[in-house]
Structures are given as structure tokens and as C-alpha cells.
Amino acid sequence: MLTNLDLDELNTTFEGETPEGILEWAVETFWPDIAMSSSFQTQSLPLLHMVSRIAPRLPIIFLDTGFHFPETLAFRDRVTRELGLNLRIVRPSLSPAELARRYGEGLYRRDPDLCCYVNKVEPMQRALEGLRAWISGIRRDQSPTRASIRIVERTAQGIIRVHPMATWTQQDIAQYIHDHSLPEHPLLAQGYLSIGCAPCTRPIYGGEPARAGRWDGQAKLECGLHTLLRESVEAQAPTEGGVGIKGEGGPWGQRPTHGSS
Ligand code: SF4
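These numbers come from a predicted model, not from an experiment.

Draft legend 1. Representation of the overall build of the chain. Summing up its helical and strand segments, the chain has eight helices and six strands in all. Ordered by position from N to C terminus, the α and β elements of the chain give α-α-β-α-β-α-β-α-α-α-β-β-β-α. The buried share among the 261 residues of the chain stands at 36%. Of all intrachain contacts in the chain linking residues separated by at least 6 positions in sequence, the fraction that spans at least 24 positions is 81%.

Okay, here's the thing in C-alpha cells:
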């Protein structure tokens, strides 16, 4: 059990640590009660690549809302195959058709907070049941809402969140992708620098920030996964039991056979 003092010390130490070092610490400390989430964008690739080298059996949670671009699903499958990742797909309790029957068509336009809660926050909370730690690739430079994230945090629900990439910049990400010849999401070339569900993502133009294309025209910057909007949106989706996402065997597993660059 990490005390608040432990977290303070870890955060001080980790400000000068590499993402690989933080990832190794997290897996060694919390295995098998640990998983990572990824949205499988281009900027997700460095951390996924590090996982493939350090702990390829680490469960990687992908939230399949039912509203993703087909390009994202194809990219997810390609990256999973090429890096040898342990992908776990988590879905909402309601399919898109059931969502429309219950709440009407176009919920993402009328009440995006509720839509994100039903399709992202609640399924993620379900996936995290029984885990002690959750890794994600969010960074301080991505948006004002992420500027103050700590590398290791405890949520109100008691789970330890680990952000190995917190101190990296977009330039660091691009350099790593270049150095390791990693693939790019096919929509990046069309101006999609930050990609979420298709109805809520547009390309960015000129010098706009990377996340300017998310929920365009809405007073919304986050889906809730990284702020966990439990207190502001009543639970309206049925909650099932945990989906049992835990590591199996050892985290190190069989290293994938992709190139060692
Ligand atoms: S990003 Fe849009 S479509 Fe996806 S869950 Fe949130 S509001 Fe709904």
C-alpha cells in the first residue's frame, strides 16, 4: 500500500526517470493486478512499443465504443499483431442501437458527457475492478486539463494511475516513432492529430492544438476517463461484474519477434 508520502517521493524520483524505467517499476510493483489502456493513435505507439519490449503480457485495454473510425480498428489490429500485444477489448453495456433506443439518436450531440459516460467511463470502471494500477499514455503537453498530471497518482476510487509519458512532448513522441520506424495511424496524414470517436473528431487546421478537433463546438475537453466524472453524471448504464482483466503468468512473457530497432 503506497502512502501519500511514498507517492510524493516516487513523483520526485520519476521526474528524471525514463518512461521505460517507470513502466518497469509499475509492472514489477503491481503485477498481476495492473493493466494499461490505449486508444491506438499514432502518439500511442512509443508506449505500446516499450510495453512490447518490457512486459508484452501486460493487458492492453481498448474501449470499443462502437463509434470508432474503421481505420482506428484496423490500425489497432495491425499494431497488436506486429508488436505482439495482449489486447483486451472492452465494450459498453449498450450497443449503439440500444443506446439510440434508450436515449434517442445523436446522444453525442445532445449530451456528450452522458454519451462518454455510458460508452467510456462506465466500461472502464468495470474493466478496472479488482486492479491496483492503471497505466495510460497521457502527457502534460496535450491540453490544459492534463498540464498538472503527476506521474503516479491515486484516484478517488483508490487505484494507482501511472503516466510514464507525462513529461514527454509531441516532439519526443515524433522522434521515438522515427527512431524505431513505427507505423502511423492512417488518418494522421489527413490532419487528424488526436483521434477519438468518429462523430466527435475532426481534422485540425493551421496551427490549432492537437486536441482542437475533439468535440468541436462543444464546451468539452475530456471524455471523462482522465477526470472520471462519476460525481457529475448519474450512473444510468447497467453495471456488470468486472471483466477480469488481470495479468496472467509473468508480465515478461515471450518477447515479440519484431525488429529490435
Ligand atoms: S467521444 Fe463522442 S461518440 Fe464517443 S462516447 Fe464520447 S460523446 Fe459519445
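Next comes the rest of the account.
Draft legend 2. Molecular detail of the sheet that holds strand β6 (residues 160-162). Judged by pairing direction, the sheet is mixed, and its six strands sit side by side in the order β3-β2-β1-β4-β6-β5 without closing on themselves. Edge positions in the sheet fall to β3 (86-90) and β5 (152-154), since each of these pairs with one other strand and no more. Going from strand to strand, the sheet's axes swing by 30° on average, the running direction of each strand aside.

Draft legend 3. A look at the nonpolar core. By size, the foremost hydrophobic cluster in this structure holds 42 residues, and its most contacted members are A26, I34, A35, V51, I61, L131 and A133. Excluding residues that lie within four positions of it along the chain, A26 makes contacts with I34, A133, I135 and V162. Counting 11 residues, the second-largest nonpolar core is a separate cluster that includes L94, C115, Y117 and C200.

Draft legend 4. Up close: the site of the ligand. If you check the shell around the ligand, you find 13 residues, and the closest are Y108, C115, C116, C197 and C200. Broken down by element, the shell around the ligand gets its largest block of residues, five residues, from helix α7 (residues 112-128). For the shell around the ligand, the residue count by class is nine nonpolar, three polar and one charged.

Draft legend 5. Just the pairing of strand β1 (residues 34-37), in detail. Going residue by residue along β1, you find I34 and M36 tucked away on one face and A35 and S37 tucked away on the opposite face as well. Where β1 lies against strand β4 (residues 133-135), three bridges are found, and the strand directions are parallel. In the strand pairing of β4, A35 is matched with W134. By the bridge criterion, two bridges tie β1 to strand β2 (residues 59-63) in an arrangement that is parallel. Counted as the bridge partner of M36 is I60 from β2. Once the chain exits β1 it traverses helix α3 (residues 45-54) before rejoining the sheet at β2, and the crossover so formed is right-handed.

Draft legend 6. The arrangement of the pairing of β3 in detail. With five bridges joining them, β2 and β3 adopt parallel strand pairing. Bridge pairing in β3 links P59 to N86. In this fold, the crossover linking β2 to β3 by way of helix α4 (residues 70-83) has right-handed handedness.

Draft legend 7. Here's a closer look at the confidence of the model for the chain. Summary statistics for the chain give a mean pLDDT of 87 and a share of 88% for residues scoring 70 or more. For the stretch residues 229-242, pLDDT sits under 50, and the model shows 23 contacts to residues farther than four places along the chain or on other chains.

Draft legend 8. Structural context of α3. Counting buried residues in α3 gives eight out of 10 residues, a clear majority hidden from the surface. Along α3, the positions that sit buried rather than exposed are L45, P46, L47, L48, H49, M50, V51 and S52. Taken together, the buried residues of α3 touch α2 (19-30), β1, α4 and α8 (170-179).

Draft legend 9. Representation of the packing of α2 against α3. At a minimum axis separation of 10 Å, α2 and α3 run at an interaxial angle of 55°. Classified by the interaxial angle, the pair formed by α2 and α3 is oblique. Between α2 and α3 the crossing geometry is right-handed. Of the residues in α3, those in contact with P19, E20, L23 and E24 of α2 are L47, M50, V51 and I54. Class assignment of the residues belonging to the contact of α2 with α3 gives a composition of six nonpolar, no polar and two charged.

About the thresholds
Residues numbered from 1 in each chain as written. Predicted model: local features only at pLDDT ≥ 70, side-chain atom pairs only at ≥ 80, totals over all residues. Helix = DSSP H or I, 4+ residues; strand = E, 2+ residues; numbered from the N terminus. Buried ≥ 20, exposed ≤ 12 C-beta atoms within 10 Å, placed from the backbone. Contact = placed C-beta atoms within 7 Å. Pairing = 2+ DSSP bridges. Axes fitted to C-alpha atoms, helices over the stretch in contact; angles between N-to-C directions. Core = buried A, V, L, I, M, F, W, Y, C linked by C-beta atoms within 7 Å. Near = placed C-beta within 6 Å. Nonpolar A, V, L, I, M, F, W, Y, C, P; charged D, E, K, R; others polar. Right-handed = clockwise from strand over helix to strand, strands pointing away. pLDDT = per-residue confidence, 0-100. Parallel < 35°, antiparallel > 145°, perpendicular 65-115°, else oblique. Left-handed = near helix turned anticlockwise from the far one by under 90°.

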